[in-house]
Amino acid sequence: MKVKISDQGPVFSKIVAGCMNWGEWGVNLTVDQAQKLIMDCLDSDVTTFDHADIYGHYTTETLFGNAIKKKNALREKIQLVTKCGIKLVTPNRSDNVITSYNTSKEYIINSVEQSLINLQTSYIDLLLIHRPSPLMNPEEIAEAIIKLKKDGKVLHFGVSNFTRTQFEMMNAFIPLVTNQIEASVLQLDPFLDGTLDQCITEKIKPMAYSVLAGGKLFSKNPDDRGVRINKVVSRLAEKYNTTSDQILISWILKHPSGILPIIGSTKSNRIQSAVKALRIEVSDEEWFMIWEASTGKQVP
């Protein structure tokens, strides 16, 4: 299933493959394994891949780039998202003294140039500012994006982890097509703080990471909140003859903002399972059953 994420935005697969754990920060796939995982994603109609320059201490983009290089014409079948703006302390960036943010025009342009080399592509479908910096100058950021778009190196622009007011500020200088946020049954803030309301108002579809709460609900010893949620989700999974993770993803998908879940698993069967969640639609009452289990109280 494909969706246009805004009036002026790109067309993405409804389920997005998150690449953070593909390299050194996760299972450390070989190039051949990464290529197979990409092909498995495409077989499941998952064509959008989410990156950031810092993943794997600035190495995971290169892993992915080497994987698609080995397969002719693969680039035209996929959409690449990447992020910039965070400076990590790592041997791969020995000049970085402390972890900090940099959203200057020069830094953004240089970051994109490096990502293009790493990913072995001539363009990025969607570039995101990874996190809002207290020092960010929206006019300067807009200048960088305008140049990158003019040069054909970035097709669309959005933000990640921005508050409602930060989004408004940036959007006043250059149109944004998405806000990538954390959202799950354990992270309810976006449902309450106006973030998702804003996406509806601006007619953009948010992207969401950690939609399965980073696996916390599937730990051997969940806390009381996890126990409550698992009890309800298990009951619904039995009713719909499906799995708990599919119920949790369908819960995210039900929101009218049209959230695009980012699935960070490196296992093809988990990605295939997420795609199957597109066929499930819990009722409004069932959605609130899960909400109530998460909050521990009835809605007022």
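Not measured: the values here are computed from a predicted model.

Student: Pulling in residues and values, what's your account of the overall build of the chain?
Tutor: Helix and strand counts for the chain stand at 12 helices and 12 strands. For 300 residues, the compact-globule estimate of 2.2 N^0.38 gives 19 Å, and the C-alpha radius of gyration of the chain, at 19 Å, lies within 12% of that figure. Contacts in the chain between residues far apart in sequence, at least 24 positions, make up 77% of those at least 6 positions apart. Carbon and sulfur atoms make up 49% of the accessible area of the chain, which totals about 14,000 Å². For the chain, the distance from the average site of its 34 positive side-chain charges to the average site of its 33 negative ones is 4 Å.

Student: Provide a residue-level description of the environment of Ala 17, including the pertinent values.
Tutor: Mapped onto the fold, Ala 17 is located in strand E3 (residues 16–18). With a relative accessible area of 2%, Ala 17 lands in the buried category. Counting along the chain gives 33 residues from Ala 17 to Asp 50, while the straight-line C-alpha distance between them is 6.1 Å. If near-sequence neighbours (up to four positions away) are discounted, Ala 17 is found in contact with Cys 41, Val 46, Thr 48, Phe 49, Asp 50, Ile 262 and Ile 263.

Student: Give a description of the pairing of strand E5 (residues 79–84) that names residues and reports values.
Tutor: Counting buried positions over the 6 residues of E5 gives 6, a clear majority of the element. The alternating pattern of E5 places Gln 79, Val 81 and Lys 83 on one face and Leu 80, Thr 82 and Cys 84 on the opposite face, and all of these are buried. Looking at chain direction, strand E4 (residues 48–50) and E5 are connected through 3 bridges and run parallel. Note that in E5 the partner of Asp 50 across the bridge is Val 81.

Student: How would you summarise the state of the cysteines if you had to cite specific residues and measurements?
Tutor: A full pass over the atoms with the stated rule returns 0 disulfides. This cysteine, Cys 19, is not joined by any disulfide, and Cys 41 carries the nearest cysteine sulfur, 7.7 Å off. Accessibility expressed as a relative area gives 0% for Cys 19, which makes it buried. Left without a disulfide partner, Cys 84 is nearest to the cysteine sulfur of Cys 19, which lies 17 Å away. Under the relative-accessibility criterion, Cys 84 is labelled buried at 2%.

Student: Tell me about the sheet that holds E5, and please be specific about residues and values.
Tutor: Read around the closed barrel, 8 strands run E3-E4-E5-E8-E9-E10-E11-E12, paired in parallel fashion. Pairs of neighbouring strands in the sheet enclose a mean axial angle of 30°, with direction left out of account. Where strand E10 (residues 179–182) and strand E11 (residues 207–209) come together, 3 bridges link them in parallel fashion. Bridge pairing in E11 places Glu 182 opposite Tyr 209.

Rules behind the numbers
Residues numbered from 1 in each chain as written. Predicted model: local features only at pLDDT ≥ 70, side-chain atom pairs only at ≥ 80, totals over all residues. Heavy atoms only, no water. Helix = DSSP H or I, 4+ residues; strand = E, 2+ residues; numbered from the N terminus. Rg over C-alpha atoms; globule rule 2.2 N^0.38 Å. Contact = heavy atoms within 4.5 Å. Areas by Shrake-Rupley, 256 points an atom, 1.4 Å probe, with all protein chains shown as cover. Lys, Arg positive; Asp, Glu negative; His and termini not counted. Charge placed at Lys NZ, Arg CZ, Asp CG, Glu CD. Buried < 20%, exposed > 50% of the residue type's maximum accessible area, 1.4 Å probe, protein only. Pairing = 2+ DSSP bridges. Disulfide = S-S within 2.5 Å. Axes fitted to C-alpha atoms, helices over the stretch in contact; angles between N-to-C directions.

In short, geometric facts, not functional conclusions.
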